[in-house]
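Each chain, letter by letter, is given below.
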Amino acid sequence: MRFLLVEDNQSLASAILDRLRLDGHVVDHAANISLAEEFVITTDYDLILLDIMLPDGDGRSFLKMQRDHRSETPVIVLTARSEVSDRVGVLDLGADDYLTKPFDFSELEARCRAVLRRRGGRSSNQKRIGGLTFDPLSGLLEVCGLEVPLRNKELRLLEIFLAAPDQIFSKARLVDRLFSYDEEVSENAIEVYVGRLRKKIAGSGVEIQTVRGLGYRIRLQ
Amino acid sequence: MRLSALSLCLTLWAAIAGAFEVEEHALFGAADGRVLRILSTTDTHILRPLIDSFLDARPGVAVDYLSVSSAEVMRAIVDEGERFDLVLSSAMDLQIKLANDGYTRPHRSAWTPLVPDWGNWRDHVFAFSQETASVVLSRAAFADQDLPRTRQDLIDLLRSDPDRFQGRVGTYDVAVSGLGYLFATQDARTAESYWRLMEVLGGLQVKLYCCSGEMIEAVAEGRIDMAYNVLGSYARARTDLAESILVIEPEEYTNMMMRTAVIMRDAAEPDLAGAFADHLIAAAWSDPPAPDYPFPGPPATDRPEGASLRPISLGPGLLVFLDRLKRQRFLEEWRNAVQQE
Amino acid sequence: MSDRLRSSGSIRRRLTIQLVGSAAVLAALLFLIVQTFTRELAEETHDRILLASATSIMDAVSVRAREVSVDLPYAALSMLSNVSDDRVFYRVMLGAETLTGYDDLPVPRPEPRAIGAMFETLVYKGESVRMATTVRWLSRNGVSTPLTISVAQTRTGQTERLADLTRTALLLGAGFFAVAVLLAVWTAQSSIRPLRELAGMVSRRGPTDLRPVTRPVPAEMAPLVRSLNSFIDRLRLSLSRSEDFIAEAAHRVRTPLATVRTQAENTLHRIERPENRNALREMIRAIDESSRAAGQLLDHAMVSFRADSLERTPFDLTDLVAELVNRLRPVADLKDIELFLEISGPHVMSGDPILVQNAVRNLLDNAIKYAPEESRVIVSLAGDATTHVLCIRDAAGGFHEDEIDGLTERFVRGRNAEGTVGSGLGLTIAREVAEAHGGRLDIANTKDGAGACVCLHFPSA
């Protein structure tokens, strides 16, 4: 997906950029409002991440401008301020959701997905492999034309695999991606979820292959 | 109930009893009960019904009734200090003097409000009748005559025919009669026609009398043809003489006196005196007056609106003609007018 | 706190008492003046009539051939009956000789060559009488002899009249006093009105209304209002500084934390060695704990501030809870926790929606955090005419019975919370919000012991 990150704090911005690119997204970075406005004019984004406190003004004015231009791009506001005082203002001004810093990336993902799902049905980002059709936006899986319901973790697991087919993902990495830091989870839990996923994609001509000692990958059978 | 009514005659008894002259003396009621001593100028027979009705309600009470002339009233009380409980008199001026000089006591009861303001002086003097000073004429003498309507008519009539009326006119001897003096002085104050009339009468050798009763009888019996300033009530009460006498009130004004009652300060029976006074008041001022009320006409509680009736005011003004010098003067003038020799 | 003001009496009462007191003094004064004046007038009038009577007698004196004679006019005594029904006495004296009248009436001896009237009050025949005496000097045998005429009248009528006058004066005084009292009350009331209006206006303001007082006030109140406005200014300044501080603190604490966390996560991706991984995970957990703590501390400060000066507006609790549930659904989804919302009936309540939202969010956060994967959290909103009851039920294993009471104390965490990140302020915040609204927070384990139920009670009105 194509993101625009509007954030003035350089170190935080580069950390976020890093992480998003790691997940395979394309991200543009604007350090202030005027830059952000330029970017928005020239490029269509799937989602904008907007910091509220910017050097050349309040992020709210950017929101207002977007709304005035009837921009369709969803915006998630990042704020370090207390939620109590900002809640009403931000959502009323046109932001789709907000996150308080520091935020959990899984939550960011979940919220992005929710926002995008609300905004528009299917995206052009459908992934096809073999008999598998997967829309990461709506989280819909079709195996040979038949819809298969997925639980949350199964969905995320599938998303990780399909983002880089043939790439091997270690259990450790999968644990990082699937579980919050609160939970003490052993790597064997991954086996359970992989097993479930395997069952669900059976018959699609796609398989999740165990690479002993290294991890798992998804590939055409 | 009363045992008997003793009626004693008179002058002799009086002569024995005391120095002041008593005309009548009667004791009514229980002889051994409480005695109410009444001194009055009213003839006994006139008040008798009221006395009887008073005693009817009070067994064990007696009334000692003395009838005297008004002058004798003053003599008895002021000069001789006699003790009485109640004094009834037609001489309003003398009653006022008694009250003014402190011989009386005030009386207030449930009945006293019946008496109108002008009939009550300081709650000491209570009026219980209204009687006119009238002219009594012989029917026979005036049979073929227009009746005189005013004093002026009278004067003209008498002047016109002096021979006819010579010695045939009468009036009060004001030196002797208290009521006579009162009528005369009030008359003199009211109009100067009085003195002219007196002169005319004097010229006709007017006969002088002590009392209204005698004057009335004199006219009835034909001894005189006309009596001036007679108590109209007495004259009208003599129904037996109605055939022979005429009672008229002069039109331009007719004086009206009020018979009054006072309770003496040194009364032995002040409660009884008060009760009797109330009895009189109730009889006189109720509407209609009591059946045993002997005096004529309802004494209206308003001043009568008769064109000529002129009631004599109850007040200290009445003391004026009792003034020694004033009285001296008046009598002198009167004698000069009336006793012409 | 502000009820303990020491009251030093009431201005209105003081004003009223003073005005009524003055009115009483004035009324008494009026009474005395009227009484004295009318008394003197009445007595003067009486004296004049007595003198008129004496004079009329004097006018009727004639000297004839050395003989002094008096023709008492009728009017002289009858005029006195117009005054009242009083006893009348008179005496005409030439020198020491009584010509006529009451010869024991004590007549004053006139000064030589004195003219004019003399007035005296004395006792005669046992009663108090007022006497007027007039003198005329006659020459008799070359000697100047006084001719005195005295007229006296008892004073019963006069006394009655004076009593009437006193009564009238008293009524007048009383009437005046009554009117003055009414006026006093009204005056006190209306004088106090500007004070009351100002007090009413200021007290009617909401807790966050910090506008200066601009309405016109009487000159005497101006210094007070000026001080009040300056207080308001300082308070407003101080409050906005606090708000700014909190916002600034939030920003400054959280931004660096966000950076650290993101970098830590990124690093974790690149590291394979388990002990390094564990270290990084520990780091991330510690960062989460501090940021959550910071967040909750700031939340708590904000909540306390708002709860102290609670401003109530009506809002729909149902909408608020529904929105909140929707907002947290993505977070719940991460753990495959199903969020259910059970609502019965509309729930409009009066309170601070931001505080309530904060409290409910804290509780819901708690529930989602402690609930195991693939379990259920049920949010129910019920209640009757007097109370709204919002309950969050989870299957997180429940609390230990002995620690339930202490859970809402600050920084207290249940034993089941060990191993999870949290600061222990969540329940405290929720309890404070409930109590600020006049309600309460209840914690109980569910009947089957599988979880706990935390309920917020808010009164309706």
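Bear in mind that the values here come from a model prediction, so they are computed numbers and not experimental data.

Visitor: I keep staring at the overall build of chain A and nothing clicks. Help me out?
Guide: Assigned secondary structure in chain A consists of 8 helices and 13 strands. Going through the 221 residues of chain A one by one, you find that 33% of them count as buried. Relative to all contacts within chain A whose residues are 6 or more apart in sequence, the contacts with residues 24 or more apart total 52%.

Visitor: Just checking my understanding: could you explain the UniProt feature "modified residue: 4-aspartylphosphate" (unreviewed entry) in chain A for this structure?
Guide: Residue and element names in this part refer to chain A. Here, UniProt's "modified residue: 4-aspartylphosphate" (unreviewed entry) annotation points to D51. When you line up the elements, D51 lands in strand β3 (residues 47–51). Here D51 falls in the buried class, since 25 other C-beta atoms lie within 10 Å of it.

Visitor: Could you clarify how one ought to interpret the pairing of strand β1 (residues 61–64) of chain C in this entry?
Guide: Each regular strand displays side chains that alternate between the two surfaces of the sheet. All names here are of chain C. As judged from the 4 bridges shared by β1 and strand β2 (residues 67–70), these two strands associate in the antiparallel manner. By the bridge assignment for β2, S62 is matched with S69. Counting the residues in the hairpin turn of β1 and β2 gives 2 residues, including A65, whose phi is positive at 50°.

Visitor: Sorry if this is basic, but what is going on with unusual backbone geometry here?
Guide: Negative phi characterises most residues that are not glycine, and trans characterises most peptide bonds. A:P102 follows A:K101 through a cis peptide bond whose omega is -10°. Here A:P102 lies in the loop between β7 (97–100) and α5 (105–119). The phi dihedral of B:N229 is positive, around 60°, even though this residue is not glycine. Its place among the elements puts B:N229 in strand β12 (residues 226–231).

Visitor: When you look at the sheet that holds β7(A) in this model, what are you seeing that I'm missing?
Guide: Hydrogen bonds between backbone atoms are what pair the strands of a sheet, whose relative direction is either parallel or antiparallel. All names here are of chain A. What the 5 strands build is an open sheet, ordered β2-β1-β3-β6-β7; its pairing is parallel. With partners counted over all chains shown, the strands left at the sheet margins are β2 (26–30) and β7, one partner each. Across the sheet, the mean angle from the axis of one strand to that of its neighbour is 20°, orientation sign disregarded. The pairing of strand β1 (residues 2–6) with β3 spans 4 bridges and is parallel.

Visitor: Please explain the interface of chain C and chain A as it appears in this structure.
Guide: Interface size is commonly expressed as the accessible area that is lost once the parts come together. Across the boundary between the two partners, chain C contributes 38 residues, which contact 32 residues of chain A. Of all the secondary-structure elements, those providing two or more residues to the side of chain C that touches chain A are α5 (222–270), α6 (274–308), α7 (317–334) and α8 (353–370) of chain C. Counting residues per element, the side of chain C that touches chain A draws most heavily on α5(C), which supplies 16 residues. In terms of residue class, the side of chain C that touches chain A is built from 15 nonpolar, 12 polar and 11 charged.

Visitor: Explanation requested: the environment of A:E109 in the structure shown.
Guide: In this structure, A:E109 sits in helix α5. C-alpha of A:E109 to C-alpha of A:R156: the two residues are 47 residues apart in sequence and 9.7 Å apart in space.

Visitor: Whenever I open this one, the interface of chain B and chain C confuses me. Can you help?
Guide: Counting residues at the interface gives 16 residues for chain B and 17 residues for chain C. With 4 residues, helix α12 (residues 324–338) of chain B is the largest single contributor of residues to the side of chain B that touches chain C. Looking at side-chain class alone, the side of chain B that touches chain C contains 5 nonpolar, 5 polar and 6 charged residues.

Visitor: Teacher, can you tell me more about the sheet that holds strand β4 (residues 97–101) of chain C here?
Guide: All names here are of chain C. The 5 strands are arranged β4-β3-β7-β6-β5 in an open sheet whose pairing can be described as antiparallel. Every interior strand has two partners, whereas the edge strands, β4 and β5 (117–124), have only one. Going from strand to strand, the sheet's axes swing by 25° on average, the running direction of each strand aside. The sheet contact formed by strand β6 (residues 127–140) and strand β7 (residues 143–154) spans 12 bridges and is antiparallel. Bridging across to β7, T133 finds its partner in S150.

Visitor: Please clarify how the nonpolar core should be interpreted in this entry.
Guide: Nonpolar side chains tend toward joint burial in soluble globular proteins. In terms of nonpolar packing, the biggest core is built from 131 residues, with B:L86 and B:V136 touching the most fellow members. In this structure, B:V136 is in contact with B:M215, B:I216, B:V219, B:A227, B:V230, B:A235, B:I245 and B:V247, ignoring residues within four places of it in sequence. Of all hydrophobic cores here, the second largest spans 89 residues; its members include A:I76, A:Y181, C:I337 and C:I392.

Visitor: Honestly, helix α4 (residues 156–204) of chain C in this entry has me stumped. Any pointers?
Guide: Along an α-helix, a turn takes 3.6 residues, which lines up residues three or four apart on a common side. Residues and elements named next belong to chain C. Taking 1.5 Å of rise per residue, 49 residues should cover 72 Å, and α4 covers 69 Å from first to last C-alpha, within 8% of that figure. Along α4, the helix axis deviates most sharply at R193, where the bend reaches about 40°; the proline P194 sits within four residues downstream. Of the residues making up α4, those classed as buried are Q158, A169, G173, F177, A184 and A188. Turning to α4, the residues buried within the fold contact α1 (11–59) and β6.

Visitor: Help me understand the confidence of the model for chain A, please; the structure alone is not making it clear to me.
Guide: Note that predicted coordinates carrying low pLDDT should not be read in detail. Summary statistics for chain A give a mean pLDDT of 82 and a share of 92% for residues scoring 70 or more. The spread of mean pLDDT over the elements of chain A runs between helix α4 (residues 83–92) of chain A, the lowest at 60, and β2(A), the highest at 92.

Visitor: How do you make sense of the pairing of strand β12 (residues 206–211) of chain A when you look at a structure like this?
Guide: All names here are of chain A. Of the strand pairs in this sheet, β12 and strand β13 (residues 215–220) are connected by 6 bridges, and their pairing is antiparallel. Bridge pairing in β13 places I208 opposite I218. Connecting the antiparallel pair β12 and β13 is a turn made up of 3 residues, with G213 showing a positive phi of about 80°.

Visitor: How should I be thinking about the packing of helix α6 (residues 152–163) of chain A against helix α7 (residues 171–178) of chain A in this particular structure?
Guide: Angle between the axes and distance between the axes are the two parameters that describe a pair of packed helices. All names here are of chain A. The interhelical angle for the contact between α6 and α7, taken along N-to-C directions, is 130°, at an axis separation of 10 Å. If you check the angle between α6 and α7, you find them oblique. The two elements α6 and α7 cross, and the hand of that crossing is right-handed. Of the residues in α7, those touching α6 at K153, R156, L157 and I160 are L174, R177 and L178. Across the contact of α6 with α7, the residue classes tally to 4 nonpolar, no polar and 3 charged.

Visitor: Is there a simple way to explain the packing of α6(C) against α8(C) in this structure?
Guide: Residues and elements named next belong to chain C. Remark: α6 packs on α8, axes separated minimally by 10 Å, with the N-to-C direction vectors making an angle of 145°. Where α6 crosses over α8, the two elements pack in a sense that is left-handed. Of α8, the residues touching α6 (which contributes D299, V303, R306 and A307) are I354, L355 and N358. The residue makeup of the contact of α6 with α8, split by class, is 4 nonpolar, 1 polar and 2 charged.

Visitor: It is not clear to me how the confidence of the model for chain B should be interpreted in this structure. Could you clarify?
Guide: Residue and element names in this part refer to chain B. Of all residues in chain B, 91% attain a pLDDT of 70 or more, and the chain-wide mean is 85. Taken element by element, the predicted model of chain B shows its lowest mean pLDDT in strand β1 (residues 6–8) (45) and its highest in strand β15 (residues 260–264) (95). Confidence drops under a pLDDT of 50 for residues 298–304, and excluding neighbours within four residues, the segment shows 12 contacts in the predicted structure. In the predicted complex, the global pTM is 0.56; the interface-specific ipTM is 0.80.

Visitor: Would you mind going over the environment of C:A301 with me for this structure?
Guide: Assignment of secondary structure puts C:A301 in helix α6. Note: C-alpha distance between C:A301 and C:S242 (59 residues apart in sequence) is 10.0 Å.

Cut-offs used in this document
Residues numbered from 1 in each chain as written. Chains lettered and ligands numbered in written order. Predicted model: local features only at pLDDT ≥ 70, side-chain atom pairs only at ≥ 80, totals over all residues. Helix = DSSP H or I, 4+ residues; strand = E, 2+ residues; numbered from the N terminus. Buried ≥ 20, exposed ≤ 12 C-beta atoms within 10 Å, placed from the backbone. Contact = placed C-beta atoms within 7 Å. UniProt positions renumbered as here; feature names shortened; annotations may be inferred. Pairing = 2+ DSSP bridges. Axes fitted to C-alpha atoms, helices over the stretch in contact; angles between N-to-C directions. Nonpolar A, V, L, I, M, F, W, Y, C, P; charged D, E, K, R; others polar. Core = buried A, V, L, I, M, F, W, Y, C linked by C-beta atoms within 7 Å. Expected span 1.5 Å × (residues − 1). Bend = angle between axes of the 7 residues up to and from the residue. pLDDT = per-residue confidence, 0-100. Parallel < 35°, antiparallel > 145°, perpendicular 65-115°, else oblique. Left-handed = near helix turned anticlockwise from the far one by under 90°.

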